[in-house]
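Summary of the model geometry
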Amino acid sequence: MGTIRLTGEIGKPFTIDPSPEEVTITPGGSPVRVGVRVTPTGEAGAGPVRVVVGVNPESGLTFTHSQLTVNDGTTYPAGADSREDVLSFEAVIIDSEVNPELSVEVTAGEQAPHEPTAVSFAVGLTSCAVPVTIATPTGE
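Residues numbered from 1 in each chain as written. Predicted model: local features only at pLDDT ≥ 70, side-chain atom pairs only at ≥ 80, totals over all residues. Heavy atoms only, no water.

Quick notes on the overall build of the protein
Secondary structure assignment for the protein yields zero helices and twelve strands. Shown N-terminal to C-terminal, the secondary structure of the protein runs as helices and strands in the order β-β-β-β-β-β-β-β-β-β-β-β. At 15 Å, the protein has a C-alpha radius of gyration in line with the 14 Å of a compact globule built from 140 residues. For the protein, the residues scored as buried account for 41% of the 140 residues in total. Restricting to contacts in the protein with at least 6 residues of sequence separation, those with at least 24 account for 69%. Of the side-chain charges in the protein, 6 are positive and 18 negative, and the distance between the mean point of each set is 7 Å. (Helix = DSSP H or I, 4+ residues; strand = E, 2+ residues; numbered from the N terminus. Rg over C-alpha atoms; globule rule 2.2 N^0.38 Å. Buried < 20%, exposed > 50% of the residue type's maximum accessible area, 1.4 Å probe, protein only. Contact = heavy atoms within 4.5 Å. Lys, Arg positive; Asp, Glu negative; His and termini not counted. Charge placed at Lys NZ, Arg CZ, Asp CG, Glu CD.)

Here's the deal with the sheet that holds strand E5 (residues 46-55)
Sheet architecture is open: five strands sit in the order E3-E12-E11-E5-E9, paired in mixed fashion. Looking at the sheet topology across the chains shown, the edges are occupied by strand E3 (23-25) and strand E9 (86-95). With strand direction ignored, the average angle separating the axes of adjacent strands in the sheet is 30 degrees. Looking at chain direction, E5 and strand E11 (residues 117-123) are connected through five bridges and run antiparallel. Across the sheet, residue Val52 finds its bridge partner in E11, namely Ala122. (Pairing = 2+ DSSP bridges. Axes fitted to C-alpha atoms, helices over the stretch in contact; angles between N-to-C directions.)

Focus on the nonpolar core
By size, the foremost hydrophobic cluster in this structure holds 32 residues, and its most contacted members are Val51, Leu102, Val119 and Phe121. The residues touching Leu102, leaving out its near neighbours within four places in the chain, are Val34, Gly35, Val36, Val38, Val51, Leu68, Thr69, Val70, Ile94, Phe121 and Val123. (Core = buried A, V, L, I, M, F, W, Y, C linked by side-chain atoms within 4.5 Å.)

Quick look at the environment of Thr107
Looking at where Thr107 falls in the secondary structure, it is placed in strand E10 (residues 101-108). A C-alpha to C-alpha distance of 18 Å links Thr107 and Glu21, two positions 86 residues apart in sequence. If we ignore the near neighbours within four places in the chain, the residues touching Thr107 are Ile25, Gly29, Ser30, Pro31, Gly60, Leu61, Thr62 and Thr64.

Describing the pairing of E10
Among the eight residues in E10, seven count as buried, and that is most of the element. Judged from the six bridges that link them, strand E4 (residues 32-40) and E10 form a sheet pairing that is antiparallel. Paired with Arg33 across the strands is Glu105, a residue of E10. As defined by bridge partners, strand E6 (residues 61-63) adjoins E10 across three bridges and the pair is classed as antiparallel. Following the sheet pairing, Leu61 is matched in E10 by Ala108. As paired elements, strand E7 (residues 67-70) and E10 share two bridges and run antiparallel to each other. Bridge pairing in E10 places Thr69 opposite Ser103.

Structure follows, in structure tokens:
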């Protein structure tokens, strides 16, 4: 489903995978969390990495907050080089031993096209796309 898995480094190699596997979002509806899980490919490692999250500007998706959330509750504000469709985060502390999940909140505008899209994540040198389905309103 368009997922690209490459190996990254934080002292030790890791992969990232969509978490959850697929996201459905309703145009004009509530924000939805979209994220990835970091998994070591061998021995676990820890350290700061750059994280970049992007959406296709024509998808109708927008970021609800300019922040990245780790499942332990830690949040990172987006850097000054972020744009409406791309958020960047410097020095996000990753400890692959605990298999952290990194997520952002997105919404779909009322006029979002009902076509499959994705939210792209790059964690260090590793990247992956989380598939997103734009729900068709009931009655159509």
